[in-house]
Amino acid sequence: MDKEKRYYPLFHLGPMSGWLNDPNGLCQLSGVHHIFFQYSPDEPRGGRKCWGHYETRDFVSYRFTGTFLEPDAVEDRDGVYSGCAYVKDGRMYLFYTGNVKWAGAYDYVYAGREANTMLVTSCDGVLASPKECLMRNEDYPGNLSCHVRDPKVFLHQGRYYMVQGARTRDDEGCVLLFSSMDLRHWGFEKAIFKPKFGYMWECPDLFWLSGKAFLSVSPQGLAAEEFCYQNVYQSGYFSMGKWSVLDEASLEEFHEWDYGFDFYAPQTYEDEQGRRILIGWMGMPDAPYDHDPTIAEGWQHMLTIPRQLQVDDVTGRIRQTPLPEMLQLREEELFCCEMENEPLLRKMEDGYELLISDIKGETLTIIFCDGVTFTYHAAYGKCCLTFTDERVGCGRDERRMYLQSSALRTLRVFVDACSIELFCNDGEEVMTTKYFPQDEIVLRMDGSAKVCGYRLRAVDICK
Ligand code: FRU
């Protein structure tokens with residue numbers, strides 16, 4: 001580990017240098033999981049958007065193969081924006097948005113921007129076929145602004161479908177549904193809306209789990225409430241029940257994927273074992289906390305750990321649990337004890353996991369280090385993640401959530417060099433945040449529970 005990079009993650013994927021945002025093109029092909037991402041290799045504050053690429057067979061050993069796509073075509077000259085992978089006949093079909101901004105006095109919302117739907121294919125995430133432009137602004141319905149992006153493709157009842165995120169001219173966020181027989185020629189089918197639910201929906205994803213349809217979107221423009229929508233932008237999913245593409249879409253309640261400070265633009269894929277895996281961007285665009293100390297180390301942002309999605313039979317909601325492969329990272333059991341009225345106090349190294357069960361009593365408090373506290377209040381079924389030291393939170397203050405099953409029974413926490421991911425009640429709710437510990441890390445826990453701590457190893461990354 002490079003000592004100059006105090007905060008570089010041990011087991012999360014970050015950019016080797018520069019900037020990372022959304023996960024892109026997630027898929028598994030011949031045993032290899034491909035993880036592309038929005039990447040500005042030379043600019044830790046973001047800038048010229050490319051696609052970077054990691055691959056792994058086991059989520060322990062990764063290979064970073066560098067920049068896969070650069071904005072070098074007329075149709076994507078201002079950014080190779082987000083997109084997806086569709087695997088067919090041993091190839092990845094990689095769809096993305098080619099961003100083009102015209103020179104001139106444009107607002108780039110209603111005029112001056114092209115959003116081209118682009119395709120390349122690849123067998124390995126290293127070599128790409130020539131870029132093809134499949135759709136341009138004039139191919140999208142007429143009532144839209146210039147904000148159309150982030151194609152996600154899937155097969156349903158023998159036909160290919162693509163969803164794209166969009167903003168109408170009346171500032172309504174929506175998802176556009178297209179269909180195709182050959183992955184190259186696409187026709188518009190319909191728009192999927194939830195009236196007055198934000199002005200733009202980014203990064204849509206439509207998938208089926210346990211026979212039910214779910215639409216994941218990252219809406220912009222929702223008003224903050226005390227226990228939800230606390231970030232600048234949100235991401236979550238609508239249940240669509242037994243919906244099939246021919247039906248009118250009825251979007252049920254919106255559930256946020258994550259209640260922490262740093263989670264946005266997730267994407268899911270089905271792996272070769274049939275597992276639905278979600279990876280999110282551990283970051284937040286346009287957040288007031290945009291001066292992370294990692295910028296001085298020449299890099300910024302990470303992807304979350306991969307999470308497996310499952311539908312809870314009782315609530316019908318999606319639970320997110322760390323992929324079982326994450327167990328391979330456990331290197332050593334640090335402690336395992338019943339915590340009664342005696343608080344637990346431990347000096348910790350970067351990279352550990354906590355498993356907390358049998359939670360009883362009125363409150364549970366975890367101080368991850370001086371300056372950041374997680375608190376659970378049984379009386380209200382409420383959890384808070386609070387930063388009290390500006391250096392540790394770096395502009396982050398507090399996030400709150402109510403637990404859907406009101407009592408906290410279990411907690412599983414992954415702590416990396418500068419991040420905390422908390423999975424409550426087997427993934428019923430999740431809170432993800434970056435934090436920047438100062439000096440030595442002393443973990444303090446108070447409450448009545450069983451607590452086990454494990455030291456986690458770093459993943460191997462070869463170039
Ligand atoms: C989401 C997003 C996408 C876009 C990409 C550009 O974070 O704004 O809508 O394609 O980032 O980097």
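These numbers come from a predicted model, not from an experiment.

Draft legend 1. Main features of the nonpolar core. Core analysis: the largest hydrophobic core is formed by 82 residues, its most contacted members being F368, F374, L411 and Y435. With 8 residues, strand β25 (residues 352-369) is the single largest residue contributor to this core. Residue assignment places this core across two domains, with domain 1 (16-322) and domain 2 (331-462) each supplying three or more. In this structure L411 touches L354, L355, I356, I359, L364, I366, F374, L422, F423 and C424, once residues within four positions along its chain are discounted. Ranked by size, the runner-up nonpolar core spans 21 residues in total, among them Y161, F197, L222 and F238.

Draft legend 2. Spatial organisation of the pattern of salt bridges. Taken as a whole, this structure holds 32 salt bridges when the rule is applied. R307 is the salt-bridge partner of D258, the closest N and O atoms lying 3.3 Å from each other. One end of the pair, D258, is in the loop between β16 (254-256) and β17 (264-270); the other, R307, is in strand β21 (residues 307-311), with 49 residues separating them in the sequence. Just as D258 is buried, R307 falls in that class too. The shortest N-O distance in the salt bridge between K434 and D292 comes to 2.8 Å. Of the two residues, K434 is situated in strand β31 (residues 429-434) and D292 in the loop between β18 (276-282) and β19 (299-300); the sequence distance between them amounts to 142 residues. Neither residue differs from the other here; K434 and D292 are each classed as buried. Through salt bridges with shared partners, a single ionic network connects D262, D292, R396 and K434.

Draft legend 3. Highlighting the sheet that holds strand β9 (residues 144-156). Spatially, 4 strands are ordered β9-β10-β11-β12 in an open sheet, and the strand pairing comes out antiparallel. In this open sheet, the two strands that pair with only one neighbour each are β9 and β12 (187-193). The mean inter-strand angle of the sheet, taken between neighbouring strand axes irrespective of direction, is 25 degrees. Here β9 runs beside strand β10 (residues 159-168); their pairing, made up of 8 bridges, is antiparallel. Residue pairing across strands places L155 opposite Y160, the latter belonging to β10.

Draft legend 4. Layout of the pairing of strand β22 (residues 318-322). Of all 5 residues in β22, 4 are buried; the element is thus mostly enclosed. Relative to β22, β21 is paired through 5 bridges, and the arrangement is antiparallel. The partner of Q310 across the bridge, within β22, is R319. Taken together, β21 and the strand that follows it, β22, pair antiparallel across an intervening segment of 6 residues, in which G316 is found at a positive phi of about 75 degrees.

Draft legend 5. The domain arrangement of the chain, seen in detail. Examined at the domain level, the chain breaks down into domain 1 (16-322) and domain 2 (331-462). Averaged C-alpha coordinates put domain 1 and domain 2 at centres separated by 29 Å. Each side of the interface is counted separately: domain 1 has 40 residues, and domain 2 has 36 residues. Both faces combined, the contact of domain 1 with domain 2 buries some 3,200 Å², and carbon together with sulfur accounts for 59% of it. Contact with domain 2 buries surface across domain 1, with F227, Y259 and F261 losing the most and accounting together for 22% of the total. For the interface between domain 1 and domain 2, the tally reads 4 salt bridges.

Draft legend 6. Examining the state of the cysteines more closely. Throughout the structure, instances matching the rule amount to 1 disulfide. In this model C336 forms its disulfide with C452; the gap between the sulfur atoms is 2.0 Å. You can see C336 sitting in strand β23 (residues 330-339) and its partner C452 sitting in strand β32 (residues 441-456), a full 116 residues away along the chain. Owing to a relative accessible area of 7%, C452 belongs among the buried residues under this scheme. Considering cysteine sulfurs only, C27 is the nearest to C123, which forms no disulfide, with 11 Å between them. Given a relative accessible area of 44%, C123 falls into the partly exposed group. Residue C203 stays outside any disulfide, its sulfur separated by 11 Å from that of C84, the closest cysteine. Classification of C203 by relative accessible area gives buried; the value is 7%.

So, how was this worked out
Residues numbered from 1 in each chain as written. Predicted model: local features only at pLDDT ≥ 70, side-chain atom pairs only at ≥ 80, totals over all residues. Heavy atoms only, no water. Core = buried A, V, L, I, M, F, W, Y, C linked by side-chain atoms within 4.5 Å. Buried < 20%, exposed > 50% of the residue type's maximum accessible area, 1.4 Å probe, protein only. Helix = DSSP H or I, 4+ residues; strand = E, 2+ residues; numbered from the N terminus. Domains from an automatic or database assignment. Contact = heavy atoms within 4.5 Å. Salt bridge = Lys/Arg side-chain N within 4 Å of Asp/Glu carboxyl O. Pairing = 2+ DSSP bridges. Axes fitted to C-alpha atoms, helices over the stretch in contact; angles between N-to-C directions. Buried area = accessible area lost by both parts, 1.4 Å probe. Disulfide = S-S within 2.5 Å.

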